[in-house]
Amino acid sequence: MTVGIPIRRLWPEPSTQPLDDDALTALYDRADEPRLRVNFVTSLDGAVTVDGYSAGLSGEPDKRVFGLLRMVCDALVVAAGTLRHEGYRAVRLDERRRAWRREHGLTEYPTLVVVSHSLDLDPAQAAFANAPTRPIVLTHADVDPPPGLTDVADLLRCGTDRVDLAVGLTELHRRGLTQLLCEGGPHLFGALTAADLVDELCLTVSPLLAGPGPGRITAGDTVPPRQLPLRHVLAAEDGVLLLRHARP
């Protein structure tokens, strides 16, 4: 079934036929090996937000793929700052997507994984308090949790005075969470890139000029450029481009 604004494949194998959800899922399906996939939306001129939030860049086609990416992942990885700023709620899926997960031997909901250097987290935030699956917080040894956080989340201490992302991902894999989806923010994306942990980038390009001011989808220390080959280009009828880049 195709929902809302049609999405078509431009490359490879261009097609004039709209992609239904089964075809879209096949294009973003799970891998046989552990994978860290990053998902972002940007304006034509590289902005990561409009008026301070990513929602101003995201339309129906982006939200459709956004939901599919959450459906196929084992865990959703997000930085604590993004969790707070974007007001994350509990990670839930509709019945159709839960049924897909059951049919593929997965838990009904992906696990929320929050990366936090300071543990400045509110246990009462809906992302924790209303979570259908107990969240995990990746942090380090030199910080104490606020009262109540360990009641609603598991702490994984990876590193002594900073979060060692490579160790954290290895521990997630050990727990069976091998298909990881990162939704940002830019500093976490930059740190994952610096550690050479990014296997795939799904990038939605909104047909919008945001103007100067907003930051880019990545931030942090300068790192050597890395190649990430293009795998497909999709286009929605509202002018949105959906790009997928991935390691060989």
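See above for the structure.
Quick caveat, the model's predicted, so the values are computed rather than measured.

**Quick word on helix H4 (residues 95-103)**
Item 1. Burial in H4 covers these residues: Arg-97, Arg-98, Ala-99, Trp-100 and Arg-101.
Item 2. Buried residues in H4 make contact with helix H1 (21-27) and helix H2 (60-72).
Item 3. In the stretch just after H4, Gly-105 is the one whose phi turns positive, near 75 degrees.

**Overview of the environment of Thr-204**
Item 1. Secondary-structure assignment places Thr-204 in strand E8 (residues 200-206).
Item 2. Under the relative-accessibility criterion, Thr-204 is labelled buried at 3%.
Item 3. Put simply, Thr-204 and Leu-241 are 37 residues apart on the chain and 5.7 Å apart in space, counted from C-alpha to C-alpha.
Item 4. Once residues within four sequence positions are removed from consideration, Thr-204 is found in contact with Phe-40, Val-41, Thr-42, Asp-62, Val-240, Leu-241 and Leu-242.
Item 5. At 2.7 Å, the side chain of Thr-204 forms a polar contact with the side chain of Asp-62.

**Quick notes on the packing of H2 against H4**
Item 1. Contact pair H2 / H4: the axes reach a minimum separation of 9 Å and the direction vectors enclose 35 degrees. With respect to the hand of their crossing, H2 and H4 are arranged in right-handed fashion. Contact residues: Arg-64, Gly-67, Leu-68, Arg-70, Met-71 and Val-72 in H2; Arg-97, Trp-100 and Arg-101 in H4.
Item 2. Tallied by class, the residues present in the contact of H2 with H4 amount to four nonpolar, one polar and four charged.

**Considering the environment of Thr-218**
Item 1. Within the secondary structure layout, Thr-218 lies in the loop between E8 and strand E9 (230-236).
Item 2. With 34 residues separating them along the chain, Thr-218 and Gly-184 place their C-alpha atoms 8.6 Å apart.
Item 3. Residues contacting Thr-218, with those up to four places away along its chain left out, are Pro-186, Phe-189 and Gly-190.

**What to know about H2**
Item 1. Between its first and last C-alpha, H2 extends 19 Å over 13 residues, near the 18 Å set by a 1.5 Å rise per residue.
Item 2. In terms of burial, H2 is largely enclosed, as ten of its 13 residues are buried.
Item 3. Residues of H2 that are buried include every one of Pro-61, Asp-62, Arg-64, Val-65, Gly-67, Leu-68, Leu-69, Arg-70, Met-71 and Val-72, and no others.

**Considerations on empty space enclosed by the protein**
Item 1. Inspection of the entire model under this criterion finds three cavities of 30 Å³ or more.
Item 2. For the largest cavity, the calculated volume is near 60 Å³.
Item 3. Among the elements of the structure, strand E2 (35-43), H2 and strand E7 (179-182) are those that each provide at least two residues to the lining of the largest cavity.
Item 4. Counting residues per element, the lining of the largest cavity draws most heavily on E7, at three residues.
Item 5. Of the residues assigned to the lining of the largest cavity, the class counts are five nonpolar, one polar and three charged.
Item 6. Computed from the structure, the second largest cavity encloses a volume of approximately 40 Å³.
Item 7. Lining the second largest cavity, in full, are Leu-36, Val-77, Val-115, Leu-138, Leu-165, Leu-169, Leu-180, Leu-188 and Leu-192.

**Concerning the sheet that holds strand E10 (residues 241-246)**
Backbone hydrogen bonds hold the strands of a sheet together, and the pairing may be parallel or antiparallel.
Item 1. Read across the open sheet, the ten strands follow the order E1-E9-E10-E8-E2-E7-E3-E4-E5-E6; overall the sheet is mixed. Only two strands of the sheet have a single partner each, and these edge strands are strand E1 (7-11) and strand E6 (154-157). Strand-to-strand twist across the sheet, computed as the mean angle between neighbouring axes with direction ignored, equals 25 degrees.
Item 2. The pairing of E8 with E10 spans six bridges and is antiparallel. Note on E10: the bridge partner recorded for Leu-203 is Leu-243.
Item 3. Contacting E1, E2, strand E3 (75-79), E7, E8, E9 and E10, H2 runs over the sheet at an angle of about 165 degrees to E2.

**Some details on the nonpolar core**
Item 1. Judged by nonpolar contacts, the single largest core of 35 residues is most densely connected at Tyr-28, Leu-83, Leu-112, Val-114, Leu-121, Phe-128 and Leu-234.
Item 2. Those elements that provide at least two residues to this core are H1, H2, E3, helix H3 (80-85), strand E4 (111-115), helix H5 (126-129) and E9.
Item 3. The element that contributes the greatest number of residues to this core is H2, accounting for five residues.
Item 4. Ignoring anything within four residues of it in the chain, the contact list for Leu-112 reads Leu-76, Val-78, Leu-83, Val-91, Ala-127, Pro-135 and Ile-136.
Item 5. In terms of nonpolar packing, the next biggest core, distinct from the first, is built from 31 residues, Leu-177, Leu-192, Leu-197 and Leu-243 among them.

Reading guide: rules and limits
- Residues numbered from 1 in each chain as written.
- Predicted model: local features only at pLDDT ≥ 70, side-chain atom pairs only at ≥ 80, totals over all residues.
- Heavy atoms only, no water.
- Buried < 20%, exposed > 50% of the residue type's maximum accessible area, 1.4 Å probe, protein only.
- Helix = DSSP H or I, 4+ residues; strand = E, 2+ residues; numbered from the N terminus.
- Contact = heavy atoms within 4.5 Å.
- Polar contact = N/O pair within 3.5 Å; in protein donor to acceptor, adjacent residues only side chain to side chain.
- Axes fitted to C-alpha atoms, helices over the stretch in contact; angles between N-to-C directions.
- Left-handed = near helix turned anticlockwise from the far one by under 90°.
- Nonpolar A, V, L, I, M, F, W, Y, C, P; charged D, E, K, R; others polar.
- Expected span 1.5 Å × (residues − 1).
- 1 Å grid on protein atoms, 1.4 Å probe; cavity = no way out; pocket = protein on both sides within 12 Å on 5 of 7 lines; lining within 4 Å.
- Points joined across faces, edges and corners; volume = space filled by probe spheres on them.
- Pairing = 2+ DSSP bridges.
- Core = buried A, V, L, I, M, F, W, Y, C linked by side-chain atoms within 4.5 Å.

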